[in-house]
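Summary of structural features
The chain contents come next:
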Amino acid sequence: MSDKKDHKDHGLEAAWIRELAGILEETGLTEIEIEKDNTRLRVSRQGGMAAYAAPAPVAAPAATTAAAPAPAAPAASHPGTVKSPMVGTAYLSPSPGADPFVREGTQVTEGQTLMIVEAMKTMNPIAAPRSGKVTKIIVSDAQPVEFDEPLLIIE
């Protein structure tokens, strides 16, 4: 009888893995982790493929392999920094091969589209919160971004 329960639990884990792998694909994230009923499940993308990391007891410390990018730290404290309002993929132009919305040195007005962040297959325009000059574009085209990650600086 315990064999049936074990088989059933593995099916549940497989469903979690498929769901998390789908979220990785949709969002461009490299790793996602969930915890439920004293089980931690982490799925990470390594070498372009999603890989399953075995569930660990809650008491076990989570491995941290990715550090925050060094150039983002000074930009995050700059008063003109425009940050990502969501997790997704940043696009600098409206379509592949098109001119970017803005370049470094571009004068922008409040409300002008600066770039797009795709999240869950929805294109979300990122508008300039103020008028000014774009002095630095921190992200590159098609780069995955995290919530509150610096995108560019307007002075």
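What counts, and at which threshold
- In this convention, every chain numbers its residues from 1, walking through the sequence in written order.
- Totals for whole chains, interfaces and linings use every residue, but because this is a predicted model, local features are given only for residues with pLDDT of at least 70 and side-chain atom pairs only at 80 or more, for both listing and counting.
- Values shown for side chains rest on all heavy atoms present in the structure; no hydrogens or waters enter the calculation.
- Side-chain atoms within 4.5 Å are what join buried Ala, Val, Leu, Ile, Met, Phe, Trp, Tyr and Cys residues into a set we call a nonpolar core.
- Exposure is judged per residue with a 1.4 Å probe applied to protein chains only, and the accessible area is read against the type maximum: over 50% gives exposed, under 20% gives buried, and values in between give partly exposed.
- Under the DSSP-based scheme used, a helix requires at least four consecutive residues in state H or I and a strand at least two consecutive residues in state E, with every element numbered from the N terminus.
- By definition, residues are in contact when any of their heavy atoms lie within 4.5 Å.
- Polar contact is defined as a pair of N or O atoms within 3.5 Å, subject to the rule that within protein one atom must be able to donate a hydrogen and the other to accept it, and that residues adjacent in sequence are counted only when both atoms are side-chain atoms.
- What pLDDT conveys is the predictor's confidence in a given residue, as a value from 0 to 100.
- One bridge is not enough; two strands pair if DSSP finds at least two bridges between them.

In this structure, V102, V108, L114, M115, V139, L152 and I154 are the most contacted members of the largest nonpolar core, which totals 17 residues. Elements represented by at least two residues in this core include exactly strand 7 (113-119), strand 9 (132-137) and strand 11 (150-154). Other than its neighbours up to four places away in sequence, L152 contacts G80, T81, V82, V102, L114, M115, K136, I137 and I138. Judged by nonpolar contacts, the second largest core, of six residues, contains L20, I32, L41 and V43.

The next thing to look at is the environment of E118. In this fold, E118 is placed in strand 7. The sequence separation of E118 and E26 amounts to 92 residues, and the corresponding C-alpha distance is 9.1 Å. Setting aside anything within four residues of it in sequence, one finds E118 in contact with V87, G88, T89, Y91, M123 and N124. A distance of 3.2 Å separates a polar atom in the side chain of E118 from a polar atom in the side chain of Y91.

To continue, consider the confidence of the model for the protein. This prediction gives the protein a mean pLDDT of 76; 68% of its residues lie at or above 70. Between residues 1-8, whose pLDDT stays under 50, and residues either more than four places distant or in other chains, the model counts zero contacts. When the criterion is pLDDT under 50, residues 48-72 qualifies, and its contacts beyond four places in sequence or with other chains add up to 35 contacts.

Take the sheet that holds strand 9 next. Taking strand neighbours across the sheet as the criterion, the four strands line up as 4-11-9-6 in an open arrangement whose pairing is antiparallel. The open sheet has two free edges, formed respectively by strand 4 (81-83) and strand 6 (107-108), since each of these has just one partner strand. For strand 9 and strand 11, the ladder comprises three bridges, and the chain directions are antiparallel. Bridge pairing in strand 11 links K136 to I153.

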